[in-house]
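Single-letter residue listing:
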Amino acid sequence: MARKILFDTDPGIDDAMAILAALRSPELEVVGLTTVFGNADVDTCALNGLRLVELEGHDHIPVSKGAGAPLFRRELDLGTEVHGLDGMGNTNPPPPRGRLDPRPAVQFILEMVRTYPGELTLVPLGPLTNIAMALQQDPEIASLVEEVVLMGGSAFGVGNISPVAEANIFHDAHAAEIVFRADWDVTMVGLDVTTKTIVQPEDLSRLYAGKNPATDLLERIQPCYQAFHDQVYGLNGAFHLHDPSVTAYLLKPELYTAIQAPVYVETTGLCFGKTIADVHRQWGARRAARILVEADSRAVIDLLIDRLIQ
Ligand code: RIB
Ligand code: CA
């Protein structure tokens, strides 16, 4: 029986690889995509969600639009300098054929959780606004969701969008605090592992030799992402594997090492969006999250490429 997952996503170049690899993996059943602001505005992310499910015949998968701004309104600093104004590397892709699901993201999330009680894994790849709003609207979902496996945070290392904060958390720190505070099974796939998993140009050559719609799309959109990683990190054509690391974890969790610790999110001041792992339980009895701290990065990269070129 395939594992049921729901992506909450801001596609987004790395979101695209994560989602396309999942759609090509029989172990996973994607019941839907809900979209959120982050890498681009939410309208753009929603259309990109439609493009991704349509690319290789998954048009049946619902895509719904969610939050266009964080819970507590702040100036929006979208990731368009990383992912392009269109969220697809400024490649100006053709419009999707289909239409968005009429249900707002939060409604769709709540309906899916209650349709599949105990069986659905929520997979946030962007800011956690939709997930937090769903929790606030129906707190019981915390006991009905199988697991939350999210890309976000940096437990023991530096940030990316700020010296201390990772982008998904930073975009809505209040939502992230609500998510980490809730009593449910959360796995944090943070910069601790995603910045150690670095896709090299020779890996991309192997990927692009797949010559299928998924690899062709990634070949078109990823140069923008490579340019950002070269400009900021001097990676010279390589890049950090953020969202696709979540798909790799879902497929083969044994490729990762984790610790258990409660996670708190700073929601004020200079360290806004920093995730703090309370490893010695000094701040009370918050439920621990599963924090990934090490990865077999070579195996992760090979797993994802194998799925995408098969
Ligand atoms: O910090 C990386 C995260 O921010 C990824 O999810 C990327 O898509 C952006 O949303
Ligand atoms: Ca993302």
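In this text, all values refer to a predicted model and were calculated from it rather than measured experimentally. (Residues numbered from 1 in each chain as written. Chains lettered and ligands numbered in written order. Predicted model: local features only at pLDDT ≥ 70, side-chain atom pairs only at ≥ 80, totals over all residues. Heavy atoms only, no water.)

Distances from the calcium ion (ligand 2) to its protein donors, D10 (OD), D15 (OD), D15 (OD), L125 (O) and D243 (OD), fall at 2.2 to 2.6 Å. Expressed as a motif, the donor residue spacing for the calcium ion (ligand 2) is D-x4-D-x109-L-x117-D. Note that D15 is positioned in helix α1 (residues 13-23) and L125 in the loop between β4 (120-124) and α5 (129-137), a separation of 110 residues in sequence. The two residues D15 and L125 agree in class, both being buried. (Donors = N, O, S within 2.8 Å, 3.2 Å for Na, K, Ca; no water. Helix = DSSP H or I, 4+ residues; strand = E, 2+ residues; numbered from the N terminus. Buried < 20%, exposed > 50% of the residue type's maximum accessible area, 1.4 Å probe, protein only.)

Once that is clear, we can look at the site of ligand 1. Residues in contact with ligand 1 amount to 13 residues; listed here are only the nearest, D14, L125, N160, E166 and D243. One of the side-chain N or O atoms of E166 is found 2.5 Å from an oxygen atom in ligand 1. Separating an oxygen atom of ligand 1 from a side-chain N or O atom of D243 is a distance of 2.6 Å. For ligand 1, the protein covers 95% of the area, taking 270 Å² as the surface of the free molecule. Of the pockets mapped on this structure, ligand 1 occupies the largest pocket. Here the residues of the shell around ligand 1 sort into three nonpolar, five polar and five charged. (Near = heavy atom within 4 Å. Polar contact = N/O pair within 3.5 Å; in protein donor to acceptor, adjacent residues only side chain to side chain. Areas by Shrake-Rupley, 256 points an atom, 1.4 Å probe, with all protein chains shown as cover. 1 Å grid on protein atoms, 1.4 Å probe; cavity = no way out; pocket = protein on both sides within 12 Å on 5 of 7 lines; lining within 4 Å. Sits in = over half its atoms within 2 Å of the grid points. Nonpolar A, V, L, I, M, F, W, Y, C, P; charged D, E, K, R; others polar.)

With that settled, consider the packing of helix α10 (residues 201-208) against helix α11 (residues 213-233). Closest axis-to-axis distance for the α10/α11 pair is 9 Å, and the angle between their directions is 155°. On the basis of their axis angle, the class for α10 and α11 is roughly antiparallel. Residue-level inspection shows L204, L207 and Y208 of α10 in contact with α11, the latter providing T215, L218, E219, Q222 and Q226. Classifying every residue of the contact of α10 with α11 gives four nonpolar, three polar and one charged. (Axes fitted to C-alpha atoms, helices over the stretch in contact; angles between N-to-C directions. Parallel < 35°, antiparallel > 145°, perpendicular 65-115°, else oblique. Contact = heavy atoms within 4.5 Å.)

Here we come to the environment of C224. Among the structural elements, C224 can be located in helix α11. With relative accessibility at 18%, the residue C224 sits in the buried group. A sequence separation of 142 residues divides C224 from V82, and the C-alpha atoms of the two residues are 7.0 Å apart. Ignoring sequence-local partners within four residues, the contact set of C224 consists of I13, V82, H83, G84 and G89.

This part takes up the pairing of strand β5 (residues 147-151). Moving residue by residue along a regular strand, the side chains alternate between the two faces of the sheet. The buried fraction of β5 is high, at five of five residues. Burial along β5 is two-sided: E147, V149 and M151 facing one way and V148 and L150 facing the other are all buried. Two strands pair when backbone bridges link them, and β4 and β5 are joined in this way by two bridges, in the parallel orientation. Residue pairing in the sheet places L122 in a bridge with V148 of β5. (Pairing = 2+ DSSP bridges.)

Put simply, the largest pocket is a space of about 390 Å³. Around the largest pocket sit 25 residues that line it, and N39, V82, H83, N160 and A167 are the ones nearest its centre. Secondary-structure elements contributing two or more residues to the lining of the largest pocket are α1, α3 (80-83), α7 (167-171) and α11. Here the lining of the largest pocket takes five residues from α11, the largest share from any one element. Looking at the lining of the largest pocket, its residues break down into 10 nonpolar, eight polar and seven charged. Looking at the second largest pocket, its volume works out to about 230 Å³. In this structure, the second largest pocket is lined by 14 residues; those nearest its centre are R51, L55, P93, P94 and R220. For the lining of the second largest pocket, the secondary structure elements donating two or more residues are α2 (42-55) and α11. Ranked by residue count, the leading element in the lining of the second largest pocket is α2, at four residues. Residue classes in the lining of the second largest pocket are distributed as eight nonpolar, two polar and four charged. (Points joined across faces, edges and corners; volume = space filled by probe spheres on them.)

In total, this model carries one cavity of 30 Å³ or more according to the counting rule given. Considered as a void within the structure, the largest cavity measures approximately 50 Å³ in volume. For the largest cavity, the full set of lining residues is M17, V199, D203, L204, L207, L241, I301, L304 and I305. Of all the secondary structure elements, the ones that give two or more residues to the lining of the largest cavity are α10 and α13 (297-309). Looking at side-chain class alone, the lining of the largest cavity contains eight nonpolar, no polar and one charged residues.

Moving on, we get to unusual backbone geometry. Even without glycine at this site, N236 takes up a positive phi of about 55°. Among the secondary structure elements, N236 is positioned in the loop between α11 and β8 (239-240). Not every positive phi belongs to a glycine, and R281 is a case in point at roughly 55°. Here R281 lies in the loop between β11 (275-277) and β12 (289-295).

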